[in-house]
Amino acid sequence: MAQRNNFGSKLGVVLAAAGSAVGLGNVWRFPTEVGNNGGAAFILIYLFCVLFIGVPVMVSEFVIGRSTHANTITAFRRLAPGTWWRFGGIEGVFVAFFIFCYYIIVSGWTLHYTVASFLNQLSADQDYKAYFQSFVSSPWEPVVYAVVFMLMVHVIIVRGVQNGIERFSKLMMPMLLLIIAVLVICSFSMSGFVEGVTFLLQPDFSKVTPNVVLSAVGQAFYSLSLAMGCLCTYASYFGPNTNLMKTAMSVSMIDTCVAVLCGFIIFPAVFSVPGVEPGEGPGLVFITLPHVFNIAFHNVPLLGYLFSGLFYVLLMLSALTSAISLHEPVTAYIHEEWHLSRNRSAWLVTIACILLGVVCSLSMGVWNDFRIFGLCIFDLFDFVSAKIILPLGGILICLFVGWRLDRQLVYNEVTNNGKLRVRLFRLYIFLVRWVAPLAIGIIFLNELFWR
Ligand code: PHE
């Protein structure tokens, strides 16, 4: 097999992993969840989930990836040959693939809105709901955008780890952070700033139910790209000096800060326009925000034009870096296990995903009547992967690293063969052995009984 390529720098490692984590989930899903689930009360619970469940699971994925330097399926197989643990790896690669199929469609929407925004098509006082619905239910338009988006991902993936993923993450992540900074500063001047920030930061604990806690864990998993083979695959390209704990902390903090900052961008805008409700589901960024941008900047249309354009570029960039990380685990697996060239493997993934993506996209329009358990295919993919398989995969990873793997191996990985002094190692082991799997398990069972 060809020599494996590694990431070239620590910064590259953090930015690539943060690129995976920072995605539509931060911009599109997190503010919606905050809006619906008690504002800062949700943020607090979310932070707790990130620190005590997300970070330990992420470190565990890093341990599995780096100790084997192999794709996720091979990694599990090597660490526990001939056992059913291999399902941990299979789960990762499959979920990455299925999430990718609908993620790419939504990513295509972000590309469309970026283009539409710069062409000034979103500025006229129109019915944004009808605009969005006619776009997503069109049989071909979203598909064209998804294909263009996919080709961008494909080009980056075939360039390899260092020249493709790392180089582009180093370029795109700083750009993304800069855009966020500019938009946050702009939102200071909005009339709804105080109200928006109060809404974001004032806790309403009366809204916290077991389902809200479930949402927080699900959101943390999704937002940190856990249990999907993505971070495990990236970790297989980490060099021997990468500090796994520090990397996991940095990535989680960048991801959480970006998510909260996105709230600082979205809510002041939303509260500047009377009569608009903050938590309006996924339609928030595609239906509410174009309207809000239009009205909030009524007096200075040029500023509205730039704000909205930059916002959709931000959305698109965040989707791009995440999409890359969903492509990679599947490509790496096919490349290494089926012995195809990286180029061919990438093409296989690209084409298969587009085909399934088309099905997802059509299920929002002409095939919307075809439903399984009352959900269209698109929602079904989202529900099954994000709400069911992810928690199960998370439990599997914790149990594997906490109970099955040799403790010395885990210690060597976390401390880089004893070179690092890691004071929290015991706490980490305790969390992956007990806290994380129990918490995920209880919450998951709760979900089954409460709904
Ligand atoms: N973490 C990404 C987000 O917040 C989604 C994602 C999930 C990306 C899994 C890669 C892998 O949108």
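Anything mentioned here points back to the structure above.
Keep in mind the model is a prediction, meaning the values are calculated, not measured.

1. Regarding the overall build of the protein
Phase 1: Tallying secondary structure elements over the protein gives 18 helices and 0 strands in all.
Phase 2: Relative to the compact-globule value of 22 Å for 451 residues, the protein shows a C-alpha radius of gyration of 21 Å, a close match.
Phase 3: Taken along its principal axes, the extent of the C-alpha atoms in the protein is 65 × 50 × 45 Å.
Phase 4: Classification of the 451 residues of the protein by burial places 60% in the buried group.
Phase 5: Taking as baseline every contact in the protein between residues at least 6 positions apart, the subset at least 24 positions apart corresponds to 81%.
Phase 6: Carbon and sulfur atoms make up 67% of the accessible area of the protein, which amounts to about 18,100 Å² in all.

2. Details of the site of the ligand
Phase 1: Around the ligand lies a shell of 15 residues, among which Ala 21, Gly 25, Tyr 103, Tyr 222 and Met 228 are the nearest.
Phase 2: Separating a nitrogen atom of the ligand from a backbone N or O atom of Tyr 222 is a distance of 2.9 Å.
Phase 3: Residue Ser 223 places a main-chain N or O atom 3.1 Å away from a nitrogen atom belonging to the ligand.
Phase 4: When the ligand is considered free in solution it has 320 Å² of accessible area, and contact with the protein chains removes 100% of it.
Phase 5: Mapped by element, the contributors of at least two residues to the shell around the ligand are α1 (10–21), α2 (24–36), α10 (210–223) and α14 (301–337).
Phase 6: Of the residues belonging to the shell around the ligand, the class tally is 7 nonpolar, 8 polar and no charged.

Thresholds, definitions, all that
- Residue positions within a chain follow its written sequence, with the count starting from 1.
- A pLDDT threshold of at least 70 governs which residues receive local features in this predicted model, and a stricter bar of 80 or more applies before side-chain atom pairs are shown or counted, although totals over entire chains, interfaces and linings include all residues.
- Each side-chain value is worked out from all heavy atoms of the structure, with water and hydrogens disregarded.
- Only DSSP runs of H or I reaching four residues or more are called helices, and only runs of E reaching two or more are called strands; each is numbered from the N terminus.
- Just to be clear, the radius of gyration here is over C-alpha atoms, and the globule rule we use is 2.2 Å times residues to the power 0.38.
- Relative accessibility decides the category of a residue: with a 1.4 Å probe and only protein chains considered, values under 20% of the type maximum give buried, values over 50% give exposed, and everything between is partly exposed.
- Working rule for contacts: check all heavy atoms of both residues, and any pair within 4.5 Å makes them a contact.
- To be clear on the numbers: accessible area is Shrake-Rupley with a 1.4 Å probe, and residue cover counts the displayed protein chains and nothing else.
- Nearness here has a simple test: a residue counts as near a molecule or strand if at least one of its heavy atoms is within 4 Å of that partner.
- Between N or O atoms, a polar contact is any pair within 3.5 Å; within protein, one atom must be a potential hydrogen donor and the other a potential acceptor, and residues adjacent in sequence are included only when both atoms are from side chains.
- Residues are sorted three ways: Asp, Glu, Lys and Arg are charged, Ala, Val, Leu, Ile, Met, Phe, Trp, Tyr, Cys and Pro are nonpolar, and all the rest, Gly among them, are polar.

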